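Breakdown of the fold
One-letter residues, chain by chain:
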Amino acid sequence: MQSENRMFDDFVKLMNGAAGTLAGVGREAEQGARSRAREWIGGLDFISRDEFEAVKAMAVAARDEADALRARLDAIETAQGTAKSDQ
């Protein structure tokens, strides 16, 4: 009975060691995959959300300014057209 328990204990130790090794290999593979994915994504020219929002705000401001300048130019052209017809 004693020898059977010892053999069983040795088998359990072997299985625990193998499970720990497999878990370590799995963690290492996951970290490696994440690292490769970060390198690959880093090589693509992605921008952050903050950068996107800043450029979007600049585009909105530029569009507003262009609209204001267009209205001002239309007013100047209308005034010149009126001045020419008065002459």
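What counts, and at which threshold
- Residues numbered from 1 in each chain as written.
- Predicted model: local features only at pLDDT ≥ 70, side-chain atom pairs only at ≥ 80, totals over all residues.
- Heavy atoms only, no water.
- Helix = DSSP H or I, 4+ residues; strand = E, 2+ residues; numbered from the N terminus.
- Buried < 20%, exposed > 50% of the residue type's maximum accessible area, 1.4 Å probe, protein only.
- Patch = residues over 30% accessible without salt bridge, like charges linked within 9 Å, V, L, I, M, F, W, Y side chains within 5 Å.
- Areas by Shrake-Rupley, 256 points an atom, 1.4 Å probe, with all protein chains shown as cover.
- Salt bridge = Lys/Arg side-chain N within 4 Å of Asp/Glu carboxyl O.

1. Let's talk about the overall build of the chain
When helices and strands are counted, the chain shows two helices and zero strands. In the chain, which comprises 87 residues, the share counted as buried stands at 0%.

2. What to know about a nonpolar patch on the surface
Side chains of F8, F11, V12, L14 and M15 sit close together on the surface and give an oily, nonpolar patch of about 490 Å² of accessible area. Position of V12 relative to the elements: it lies in helix α1 (residues 2–43).

3. Quick look at the pattern of salt bridges
What the rule picks out here adds up to three salt bridges. Its salt-bridge partner being D67, residue R70 comes within 3.3 Å of it at the nearest N-O pair. With R70 and D67 both in helix α2 (residues 49–86) and three residues apart, this pair spans about one turn of that helix.

Distances and angles like these do not, on their own, reveal function.
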